[in-house]
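A look at the structure
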Amino acid sequence: MLRRLFTSGRFPAVPVRNVTFSLEPSAAHLLGLLLVVTLLSACKPPPDRAATQGDGSVVIVAELVEPPAIGPAPVVVRLTDPEGEGIDGASVRLEGDMTHAGMVPVLADAVGAGDGVYRANDMHFTMAGDWIITITVTADGKRSSSVLLVNVPAR
Amino acid sequence: MAGAARSARRGRVELPVNQGPFVDQPRGFDLFRLPGLRRLARFKYARLIFQVPLLLLALFVIVDGLTGRQVAPRNVATSAVWLHYRGLVVIAIALFGNAFCAACPLMLTRGPSRWLKRLLPNSFNWPKALRNKWLVIAILLLFFLSYEVFDLWASPWLTAWLAIGYFGAALAIDTLFPAGTFCRYVCPLGNFNFALSTVSPTQITAVDPDVCRACEHKPCLHGRETYAAAPATSQAAFIPLTDITNPNGTGYFPGCETDLFVPTITSNMDCTLCMNCVRACPYDNVALTVRTPGRELARDPWARRGRLAVLAMGVLLAFWGVMNALAMITPFYDLAARVSAFLSTRNEALLLIVLYAAVTVLGLAATVGASWLADRAGGKNTAPMQAFRRWGYVTVALGFSFWGAHYLFHFLTGALAIVPVFEHFFEYRGWLLDPNWRLAQMVPTRWLFPIQAFVAVVYTSVALYVAVRIARRDFGTRNWVLALWPMLIYVLLFTALQLIILAQPMEMRGTVLGPLP
């Protein structure tokens, strides 16, 4: 019944041709195999390399000063070494992205306040929704990063 | 000849014996009269010129989506697909026509599909039961639901897999079934574009219908082969080079793969603007004619191409456009929370299915109801579905109003971000680049709503034009004004709803119900 279903109708069938197969690999076969392997290797999303940079020498802890809301959203970032000692003199940059393409990111630089504490008073949320704040730290020529996920409620 | 045999097998096209047009085609300016355009359209590889850049873009989408940073505004996949593609599609349809289908890179799988066909012991015909838009409607609904349930707009990885899936589906369908099956009966992207392009300002037409009448093989439909001398075997009608008006090379020139016969085209539905007909016509008798947007909608164009399913698709797209925009504003999340409490569930997929079902049912009810009231007001005692078949075209025009305004909003707020996004593609892979992420918005924020409102006004006017034309056509000089009133109120209510939704501040959330307290 299925054969009849698929071979009836107004479209004319393409004439059947005699085909002989070769088992020797051709360039097209190898390309196809490469494609399949590439796709299989992409079976899960890659880790966020930009958000997890670093060799562990800088521990980044970031939090909002106030509950999230549309408007100014100061962020405090604390940088410590693995022993818990504050790290001063680093460059700390915050980039706030929403989850929809095309939304302008919010960029802010955090200013050091001593003992490894940095404040980004220029951080602000332009819209309600989900935000991804990437904190990128450059200290002693090395780059480290972390991510803070925030849900900003509507007014 | 093979072409003549094929035309006999494909069925007869009943041609009027009188001179003049076969059907009511627009007679406006032919864009191919512009310098160079006709030559470009007839160039054998014209489509390839536009397909290759889109193929390269698709490769960037797939590579960055699978391997790049998984933050939507920073990834080529999510930016190019959900922002730029959608925005440029509506701009192109409004100003020109179905440009994306004209340059569709999915059709580059045609070569591999022809090769794969040789490996099949049998070829297949697309089932008769599926030769309509009902399957497309189901796929579109599945697509829109998946968009919300899986947050495709926020996931570069899923977006890349969607692109891969499209290429795979095009390859599979056009290998197993005749070429063009994917475009006409499966592709949700293409059918979305078909529906919206019914308000485009251009249409393929015949320059001189009498030339088509005298044409033996109808190569615009069946294709032709042209060489200096006849080949030993041919896959289409052979027309020697000396018989070609404005010769455009030798070889095989395929005809329309969605079975549109140029002198009988009354609609952009199913027209991919591939220009196969332009290249295949041996008499250079195909025009790209400028027309009034909405012209075709006022003339019941789909009566012979599966009217109910096509109309249903156009109408449903309008209301799914409402839903698509609604799902980005705070009142929607409040509504979802109430529905969740009512149903005692926090299952997002279930909630979205319920909400989509509600919008679908309400939208169809509103359209059918307004149509029936219009018929009654005009003095016709018709069944609701018959009234829907008459007036449904008005909602199709409203659909473009909503989708156009919505997609244009996103495009204008972030189109320039394509520059830093591409820079970031290379920066993420080790290049020393510093993308300027402040590059995003194309117009000041205060212009956005007025632009959306302008689009709404323009296409509401198109919808009203369609309604007036239908009323005057079917209700006579005395009753057409009476018949128009319900449709007028319906159109204005739809537009009011559109403006209210578009005026709301956006709230882009990945979860319908928000995080648990």
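Numbering of residues begins from 1 in every chain and follows the order in which that chain's sequence is written. The naming scheme follows written order: chains are lettered A onward, ligands numbered 1 onward. Totals for whole chains, interfaces and linings use all residues, but because this is a predicted model, local features are given only for residues with pLDDT of at least 70 and pairs of side-chain atoms are given and counted only at 80 or more. Excluding hydrogens and water, the side-chain figures rest on all heavy atoms present in the structure.

Some points on the overall build of chain B
- The helix and strand tally for chain B stands at 19 helices and six strands.
- Note on method: radius of gyration uses C-alpha positions; expected globular size equals 2.2 Å times residues raised to 0.38. By the compact-globule yardstick of 24 Å for 517 residues, chain B fits well, its C-alpha radius of gyration being 24 Å.
- Counting only C-alpha atoms, chain B reaches 80 × 70 × 45 Å along its principal axes.
- For chain B, the residues scored as buried account for 57% of the 517 residues in total.
- In this analysis, two residues are considered to be in contact whenever any of their non-hydrogen atoms come within 4.5 Å of each other. Within chain B, contacts between residues at least 6 apart in sequence are counted, and of these 80% link residues at least 24 apart.
- Carbon and sulfur atoms provide 68% of the accessible area of chain B, an area that totals close to 21,100 Å².
- In this tally, Lys and Arg are treated as positive and Asp and Glu as negative; His is ignored, and so are the chain termini. Lys charges are placed at NZ, Arg charges at CZ, Asp charges at CG and Glu charges at CD. Across chain B, the centroid of the 46 positively charged side chains sits 5 Å from that of the 26 negatively charged ones. Counting from the N terminus, the helices are the DSSP runs of H or I reaching at least four residues and the strands are the DSSP runs of E reaching at least two. For every residue, the accessible area obtained with a 1.4 Å probe (protein chains only) is divided by the maximum for its type, and the residue is called buried under 20%, exposed over 50%, and partly exposed between those limits. Values of accessible area rely on a 1.4 Å probe in the Shrake-Rupley scheme; residue burial ignores everything except the protein chains shown.

Brief notes about empty space enclosed by the protein
- A cavity, in this analysis, means grid points on a 1 Å lattice covering only the protein atoms where a 1.4 Å probe fits yet has no way out; a pocket is instead an open set bounded by protein on both sides within 12 Å along at least five of seven lines, and a residue lines either one if it has an atom within 4 Å of a point. Grid points are joined across faces, edges and corners, and a volume is the space filled by probe spheres set on the points. Using the criterion set out here, one finds eight cavities of 30 Å³ or more in the structure.
- One number sums up the size of the largest cavity: a volume of about 150 Å³.
- By residue class, the composition of the lining of the largest cavity is 11 nonpolar, two polar and three charged. We call Asp, Glu, Lys and Arg charged. Ala, Val, Leu, Ile, Met, Phe, Trp, Tyr, Cys and Pro are nonpolar, and the rest, Gly among them, are polar.

Here's the deal with the nonpolar core
- What is meant by a nonpolar core is a set of buried Ala, Val, Leu, Ile, Met, Phe, Trp, Tyr and Cys residues, joined one to another through side-chain atoms within 4.5 Å. If you look at the biggest cluster of nonpolar residues, it comprises 156 residues, and the most contacted ones within it are A:Val77, A:Leu79, A:Leu94, A:Ile135 and B:Trp391.
- Of the residues forming this core, the biggest block, 19 residues, is contributed by helix 19 (residues 445-503) of chain B.
- The next biggest cluster of nonpolar side chains, apart from the first, holds 24 residues, and it includes B:Cys220, B:Ile265, B:Met275 and B:Val278.

Some points on helix 18 (residues 418-427) of chain B
All names here are of chain B.
- Where helix 18 is concerned, the buried positions are Pro-420, Val-421, His-424 and Phe-425. The buried residues of helix 18 all sit within an arc of 155° when viewed along its axis, so they share a single face.
- Where the residues of helix 18 are buried, they touch helix 3 (46-67) and helix 4 (76-95). Directions from the helix axis toward the C-beta atoms define the arc.

With respect to the pairing of strand 6 (residues 117-120) of chain A
Residue and element names in this part refer to chain A.
- Any two strands are treated as partners once DSSP identifies two or more bridges connecting them. Of the pairings in the sheet, the one linking strand 3 (residues 75-80) to strand 6 comprises four bridges and is antiparallel in character. Bridge assignment links Val-77 to a residue of strand 6, and that residue is Tyr-118.
- Where strand 5 (residues 106-114) and strand 6 come together, three bridges link them in antiparallel fashion. Opposite Val-111, over in strand 6, you have Arg-119 as the bridge partner.
- What sits between the antiparallel neighbours strand 5 and strand 6 is a turn of two residues, in which Asp-115 has the positive phi angle 55°.

Here's the deal with the pattern of salt bridges
All names here are of chain B.
- Definition used for salt bridges: Asp or Glu carboxyl oxygen within 4 Å of a side-chain nitrogen of Lys or Arg. For the structure on display, the rule yields 20 salt bridges over all chains.
- In this structure, the salt-bridge partner of Arg-184 is Asp-270, at a minimum N-O distance of 3.4 Å. Of this pair, Arg-184 sits in helix 9 (residues 181-185) while Asp-270 sits in the loop between strand 4 (251-253) and helix 13 (276-280), and the two are 86 residues apart along the sequence.
- Among the salt bridges present, the one from Arg-390 reaches Asp-375, with a minimum N-O distance of 2.9 Å. Of the two residues, Arg-390 is situated in helix 17 (residues 384-414) and Asp-375 in helix 16 (residues 348-377); the sequence distance between them amounts to 15 residues.
- Its relative accessible area of 13% is what places Arg-390 among the buried residues.
- Exposure remark for Asp-375: the relative accessible area of 0% places this residue in the buried category.

Description of the sheet that holds strand 4 of chain B
Residue and element names in this part refer to chain B.
- Pairing within the open sheet is mixed, and its three strands lie in the order 3-2-4. Sheet topology places strand 3 (237-238) and strand 4 at the edges, where each strand pairs with a single neighbour.
- In the sheet, strand 2 (residues 224-226) pairs with strand 3 via two bridges, with the strands oriented parallel. Following the sheet pairing, Glu-225 is matched in strand 3 by Phe-238.

Section: the side chain of B:Asn285
- Locating B:Asn285 in the fold gives a position in the loop between helix 13 and strand 5 (286-290).
- The contact partners of B:Asn285, leaving out residues within four places of it in the chain, are B:Thr205, B:Ala206, B:Val207, B:Asp208, B:Val211 and B:Cys212.

Notes on the packing of aromatic side chains
Residue and element names in this part refer to chain B.
- Pairing of aromatic side chains requires ring centres within 6.5 Å, counting the rings of Phe and Tyr and the six-membered ring of Trp. Pairs whose planes differ by under 30 degrees are stacked, by over 60 edge-to-face, and all others tilted. Counted according to the given criterion, the structure contains 27 aromatic pairs over all chains.
- The interplanar angle of 35° and the centroid separation of 6.3 Å between the aromatic rings of Trp-82 and Phe-143 together place this pair among those described as tilted. With Trp-82 in helix 4 and Phe-143 in helix 7 (residues 134-149), this pair connects stretches of sequence that are 61 residues apart. Exposure class is identical for Trp-82 and Phe-143. Each is buried.
- Each ring, one from Trp-82 and one from Tyr-147, has its centre 5.1 Å from the other, and the planes form 65°; the classification is edge-to-face. In this pair, Trp-82 sits in helix 4 while Tyr-147 sits in helix 7, placing the two residues 65 residues apart along the sequence. Here Trp-82 matches Tyr-147 in class, with each residue buried.
- Through pairs of rings, three or more aromatic residues link up here, namely Trp-82, Phe-143, Phe-144, Tyr-147, Phe-192, Trp-320, Trp-403 and Tyr-407.

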